[in-house]
Amino acid sequence: MISTIAVVLALAGAPQQAEPVHAPQAQTHGAADAHAPVATPHGQAAVETMGGTQEHGADPNAGHADDGHGGGGQIDFLHHIQDSREWELPGTVVHFPAAGSWMVGGIDLTPTKHTLFLVFAAILTLLTLIGGAGLASRAEAGRTRGKRHNLIEATVLFIRNEVVMPNVGHGGEKFAPFVITLFFFILFNNLLGLIPYGSTATANISVTAALALMTFFVVEIGGLIAMGPKHYWHTIWFVPQGMHPVAGNLMAAALMPIELAGKIARPFALAVRLMANMTAGHIVLLAIISLIFVFGSWAVLPAPVLMAVAITFLELFVAFLQAFIFAMLASVFIGLVRHAH
Amino acid sequence: MRRSLFAATALAFAATPLHAAEEGGGLLSVNPGLTIWTIIIFLIVLAVLSKFAYPRILGAVEAREAHIAQLTLAAERDREEAAALAAENRRLVEETRARVHGAVEEARGQAEKMRAEVMDAANRERQEMLERARRDIVSEREMALDTVRRDAVVLAMAAAEKLVRRSLDTEDNRRLVRESLAQMGAPAARA
Amino acid sequence: MLLQEVANGLTNGLLGAGIGAGLAVIGAGIGIGMIGRGATEGMARQPEIAGTIQTGALILAAFVEGAALFAIVVTFLIQGKVG
């Protein structure tokens, strides 16, 4: 997983950054370009770079590596993955309000494609779990109501009993709703990117940062409540027992930045991990599909398609795995602070 | 610890593109609006689910667990009941067998006794009959002897009468005869 | 001439970012590999606690991955600064 992420992140930046060097046909490609109207014929753009036959290059290019950026001459992987102000659907493009249309207190709250997909994921989460709850409350005593109820209940119970309780320990029930919601919300966000015309909001650092930030507050406030202010303060300002007060406080002062950095590193790791994993999978898919254009021939079509199918299945697994890991690490961190020192 | 330092460095780097990045910029550009949206949406989802979904899902689980526990308890109770019933049955069977055995023994004893009684009675009766027969024989013999004697007396009288008809038909003779007859009868009665 | 030098600088920066990413991956690969070896050996020795080992291995792998991700983020930021 990590290797794909690394290679691919390096790859991902490359087309954008390397463009001035590699594309002497003077295609300046930047932020402004990304929003240029879809005016330039895609076919021509693809042909220039790929050097393949026109018809072959054109059609898939329009389908897969959609180009909001006119005539970039390159498949812009990042444009496909990153947030955007337009959502391409078959035959139409949904345009979102321009940046800065909804300014609230100096913050741009304009909805974007990822905001929309967050809402989709939220709706799916609500439907799934409230549907499960409905089935649960209609179930007769001692029975479950069908496969769907079993599935939802088993997942919820698994997160509560196997993820939250062993890691948080005593009093973990209070954190179960948070972790279960995290799991399902992240899972549906991850999965939405795997359906055609979908987009993965969790491939956006803003989204994962928000999730990690909430986890951070839950972890720290949970720790504060569980340990009391005095003991919680010891997780930041740690004077070892039996040490001379002056020396101990000096050491605590020296260690404080590290303790604080450790506290901040945990949500940072959560955010970057989720974002990197989700981004990497999509870039790998696009890179494989772009092999078709690199070779510029229909003859190689089966290989990239088969590879892409395989990677898609891998991504399906990764979507579950990363949601699980996020939930798992969140509970581990909650437990760590509650039982620190 | 080293991880934390990494994090600090990375954070220092990450802070810079936060403002510099326009959309479509780097992969690490943070859009604060989207972050806020995420928090809002997530918190709404969490609140709604905490209100409507989890209590019901977990409640159903708990209800089922309670139901199963109750079933287990009932099964345990039934099992104990059944065991008690089985023990009771076994005890009853044992008791019945003992009683039947006793009854049979008793019956056999009674039969034995009855047989003995019957035999006894039969024996006694036979003995009695024998006794009676013997008495009858004795008395018959007495009577026969008596008759013989009487006949003998009558015959002797008749013969003697014939002989001494005329001479002995007096009072003296009669007395003589009676005396002699009494002498004859005494040893016979004694015999 | 100046432009040429700037271009060279850019390519060197990208090269550095790429090498950095590669090095981070080597470290993480070794780390996760060792976790995997330890986990599978542990599971083979004590299959009855395979679940616990697996969970622990996943968490540890996530930590190693996290460390590597920091490195990659740093290289990516360098690349962003250069480009």
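Here, the structure is the one placed above.
Residues numbered from 1 in each chain as written. Chains lettered and ligands numbered in written order. Predicted model: local features only at pLDDT ≥ 70, side-chain atom pairs only at ≥ 80, totals over all residues. Heavy atoms only, no water.

So, the overall build of chain C: which residues are in play, and what are the values?
Of regular secondary structure, chain C possesses two helices and zero strands. Looking at chain C as a whole, 35% of its 83 residues qualify as buried. Counting only contacts in chain C whose residues sit at least 6 apart along the sequence, the fraction spanning at least 24 positions is 77%. For chain C, the exposed area adds up to about 4600 Å²; of that, 70% sits on carbon and sulfur atoms. (Helix = DSSP H or I, 4+ residues; strand = E, 2+ residues; numbered from the N terminus. Buried < 20%, exposed > 50% of the residue type's maximum accessible area, 1.4 Å probe, protein only. Contact = heavy atoms within 4.5 Å. Areas by Shrake-Rupley, 256 points an atom, 1.4 Å probe, with all protein chains shown as cover.)

Would you mind going over the interface of chain A and chain B in detail, with residue names and values included?
Listed per partner, the contact involves 63 residues of chain A and 43 residues of chain B. Taken over both partners, the interface formed by chain A and chain B buries close to 4500 Å², and the fraction arising from carbon and sulfur atoms is 76%. Contact with chain B buries area across many residues of chain A, yet S206, M214 and F268 of chain A alone supply 11% of it, more than any other trio. On inspection of chain A and its partner chain B, the count reaches one salt bridge. As a salt-bridge pair, E153 of chain A and R64 of chain B come within 2.2 Å of each other at their nearest N and O atoms. Summed over the shared surface of chain A and chain B, the number is five residue pairs in polar contact (both at pLDDT 80 or more). Top element by residues in the side of chain A that touches chain B is helix α5 (residues 113–138) of chain A. It accounts for 14 residues. For the side of chain A that touches chain B, the class distribution of residues is 38 nonpolar, 19 polar and six charged. (Buried area = accessible area lost by both parts, 1.4 Å probe. Salt bridge = Lys/Arg side-chain N within 4 Å of Asp/Glu carboxyl O. Polar contact = N/O pair within 3.5 Å; in protein donor to acceptor, adjacent residues only side chain to side chain. Nonpolar A, V, L, I, M, F, W, Y, C, P; charged D, E, K, R; others polar.)

Describe the packing of aromatic side chains, naming the residues involved and giving the relevant values.
According to the stated counting rule, one finds 11 aromatic pairs over all chains in the structure shown. Here F117 of chain A and F120 of chain A contribute two aromatic rings whose centre-to-centre distance is 5.3 Å and whose plane-to-plane angle is 80°, an arrangement assigned as edge-to-face. Remark: F120 of chain A and F117 of chain A occur in helix α5; sequence separation between them is three residues, near one turn of the helix. Members of the aromatic cluster, connected to one another through ring pairs, are W87, F117 and F120 of chain A. Of note, K51 of chain B hangs over the ring of F52 of chain B, and the distance from its end group to the ring centre comes to 5.4 Å. (Phe/Tyr/Trp six-rings, centres within 6.5 Å; stacked < 30°, edge-to-face > 60°. Lys NZ or Arg CZ within 6 Å of the ring centre and 35° of its normal.)

If you had to explain the pairing of strand β2 (residues 92–95) of chain A to someone new, which residues and values would you point to?
All names here are of chain A. With four bridges joining them, strand β1 (residues 86–89) and β2 adopt antiparallel strand pairing. Following the sheet pairing, E86 is matched in β2 by H95. In this antiparallel pair of consecutive strands, β1 and β2, the connection spans two residues, and G91 shows a positive phi of 85°. (Pairing = 2+ DSSP bridges.)

Describe the pattern of salt bridges, naming the residues involved and giving the relevant values.
All names here are of chain B. On inspection of all chains with the given rule, the structure shows 17 salt bridges over all chains. Linking E88 and R91 is a salt bridge whose minimum nitrogen-to-oxygen distance equals 3.1 Å. You can see E88 and its partner R91 sitting in helix α2 (residues 32–164), three residues apart, about one turn around the helix. Owing to a relative accessible area of 44%, R91 belongs among the partly exposed residues under this scheme. Several salt bridges converge on common partners, so that one network encompasses E88, R91, E95 and R99.

Go over the nonpolar core, please, and point to the residues and values.
L129 and L211 of chain A are the most contacted members of the largest nonpolar core, which totals 84 residues. For this core, the leading source of residues is helix α10 (residues 302–338) of chain A, giving 13 residues. (Core = buried A, V, L, I, M, F, W, Y, C linked by side-chain atoms within 4.5 Å.)

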